[in-house]
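Spelled out from the first residue to the last, the chains are:
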Amino acid sequence: MKRISLTQYLVEEQRQNNTIPAELRLLIEVVARACKTISHAVGKGALGEVLGTADTENVQGEVQKKLDIISNEILLEANEWGGHLAAMASEEMETIHPIPNRYPKGEYMLTFDPLDGSSNIDVNVSIGTIFSVLKAPEGMGEPTEEAFMQPGTKQVAAGYAVYGPQTMLVLTTGNGVNCFTLDREMGSWVLTQRDMKIPAKTKEFAINMSNARHWHAPVKRYVDELLEGENGPRGTNFNMRWVASMVADVHRILNRGGIFMYPADTRDTSMPGKLRLMYEANPMAFIVEQAGGAATDGQQRILDIQPHKLHQRVPVFLGSRDEVAVVTGYHQG
Ligand code: AHG
Ligand code: MN
Ligand code: MN
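Owing to the predicted nature of the structure, the values given are computational and were not obtained by experimental measurement.

What counts and what doesn't
Residues numbered from 1 in each chain as written. Chains lettered and ligands numbered in written order. Predicted model: local features only at pLDDT ≥ 70, side-chain atom pairs only at ≥ 80, totals over all residues. Heavy atoms only, no water. Donors = N, O, S within 2.8 Å, 3.2 Å for Na, K, Ca; no water. Buried < 20%, exposed > 50% of the residue type's maximum accessible area, 1.4 Å probe, protein only. Domains from an automatic or database assignment. Contact = heavy atoms within 4.5 Å. Buried area = accessible area lost by both parts, 1.4 Å probe. Salt bridge = Lys/Arg side-chain N within 4 Å of Asp/Glu carboxyl O. Near = heavy atom within 4 Å. Polar contact = N/O pair within 3.5 Å; in protein donor to acceptor, adjacent residues only side chain to side chain. Areas by Shrake-Rupley, 256 points an atom, 1.4 Å probe, with all protein chains shown as cover. Helix = DSSP H or I, 4+ residues; strand = E, 2+ residues; numbered from the N terminus. Nonpolar A, V, L, I, M, F, W, Y, C, P; charged D, E, K, R; others polar. Expected span 1.5 Å × (residues − 1). Arc of directions from axis to C-beta.

**Student:** Can you walk me through the coordination of the manganese ion (ligand 3) in this structure?
**Tutor:** Around a metal, the idealised angle for a tetrahedral arrangement of four donor atoms is 109.5 degrees; for an octahedral arrangement of six donor atoms it is 90 or 180 degrees. Every protein donor of the manganese ion (ligand 3) is listed here as Glu91 (OE), Asp113 (OD) and Leu115 (O), and their distances to the metal cover 2.2 to 2.4 Å. In this structure, the manganese ion (ligand 3) lies 3.7 Å from the manganese ion (ligand 2), and both are coordinated by Asp113. Among the residues examined, Asp113 registers a relative accessible area of 1% and is labelled buried.

**Student:** Teacher, can you tell me more about the domain arrangement of the protein chain here?
**Tutor:** Bring the parts together and some accessible area is lost; that lost area is often taken as the interface size. Taken as a whole, the protein chain is organised into domain 1 (6-193) and domain 2 (204-332). On a C-alpha basis, the centres of domain 1 and domain 2 stand 23 Å from each other. Taken together, the 51 residues of domain 1 in the interface contact 32 residues of domain 2. Overall, the association of domain 1 and domain 2 removes approximately 2900 Å² of surface from exposure, summing both partners, and the carbon and sulfur fraction of that is 61%. Together, Ile130, Met149 and Tyr160 form the three largest contributors to the area buried by domain 1 at its contact with domain 2, with a combined 20%. Across the domain 1-domain 2 interface, the total number found is two salt bridges.

**Student:** How should the site of ligand 1 be read in this particular structure?
**Tutor:** Around ligand 1 sit 17 residues in total, of which Asp116, Ser118, Asn208, Met246 and Tyr262 are the nearest. Between Lys274 and ligand 1, the recorded distance is 3.1 Å, taken from a side-chain N or O atom to an oxygen atom. In the complex, the protein chains occlude 87% of the 470 Å² of accessible area that ligand 1 would expose alone. Among the elements that make up the shell around ligand 1, the one with the highest residue count is strand E5 (residues 108-116) (three residues). Here the shell around ligand 1 is composed, by residue class, of seven nonpolar, four polar and six charged. Two domains share the shell around ligand 1, each providing at least three of its residues, namely domain 1 (6-193) and domain 2 (204-332).

**Student:** I tried to follow the coordination of the manganese ion (ligand 2) on my own but got confused; where do I start?
**Tutor:** The manganese ion (ligand 2) binds to the protein through Asp113 (OD), Asp116 (OD) and Glu280 (OE), with metal-donor distances spanning 1.9 to 2.1 Å. Along the chain, the residues that donate to the manganese ion (ligand 2) are spaced as D-x2-D-x163-E.

**Student:** Any chance you could explain the side chain of Asn79 here in plain terms?
**Tutor:** Tracing the chain through its elements places Asn79 in helix H3 (residues 66-80). The exposure class assigned to Asn79 is buried, which follows from its relative accessible area of 0%. A polar side-chain atom of Asn79 sits 2.9 Å from the main-chain carbonyl oxygen of Leu75.

**Student:** Explanation requested: helix H8 (residues 321-332) in the structure shown.
**Tutor:** Side chains of residues three or four places apart in an α-helix project in the same direction, reflecting 3.6 residues per turn. The terminal C-alpha atoms of H8 lie 16 Å apart, and with 12 residues this matches the ideal 16 Å at 1.5 Å per residue to within 8%. Burial in H8 covers these residues: Glu323, Val324, Val327, Thr328, Tyr330 and His331. The arc that holds the buried residues of H8, viewed along the axis, is 150°, so those residues lie on one side. Summarising the contacts, the buried residues of H8 are in contact with helix H5 (217-227), strand E13 (259-262), strand E14 (294-296) and strand E15 (316-319).

Below, the structure written as structure tokens:
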């Protein structure tokens, strides 16, 4: 089998479709290299003294794990010096991180969830990294948080790495979705799946059922109907999966279909859902749409939402088109 590396894929994509300018290519390669480093740290586990909590909290009041901080540092350091970025923002940092003055600045802005699925780190279950790339607004001087407030439709690239039995990188630059597997001996990303497509129909759903008593009526109705199986209104049995790492749940859906939900609920209306728009929902929605699926907040397309703060949360319904349409319809109806 002829192996196509991430570099070769990016160069050829630029040549044929003109979707990846040189600076964006550098950015993607740098992020991919950082993910390789994170994957290595993850793989060491206790031997690398990377497990456990760091005894600090992030701006969202979540206790940080050592790997949350290590991964954040790896991504920051890797992306500071290349000249491709104007600023970065991360789940683990309260404010944006402008590129230090000692380095040249570029036209892109990067947001990331350095380590997704933190509750799974210490139990050796799949975790990952999610990232999203925006362009800096025309004529931007000093980068501001305001510059990041662009809807997901403006993303020029998005991707995630999943650190599981294999380490994989799933990437879109707006021209379909491709998957690369890390060759751990060679240290290179090899193209292993081209043009991933999510089946429009599915019989598998993913939601944290322990929150059922807090759900709003449309989500209750939708999940109840799935649970009724072949004797209910859907006339068929549905299966359930919940890894509690969005990367792993989305990766399964990209491969065999399914619907993933993290709804808002009745608990804290100032906090609609758990997932964050800028570095979780938007990049995943971009990837899912590029693979022929759909992603909404129950009312509208996630990618159309105008953000108003960096760490804004959003309800998420994504995956196989037909199921996302059903649950979104229940919200709108
Ligand atoms: P993070 O580890 O970056 O904070 O994200 C965790 C998220 C997401 O990956 C997952 O889908 C969800 O939290 C799981 O939430 P529950 O623990 O409520 O199931
Ligand atoms: Mn996350
Ligand atoms: Mn995280």
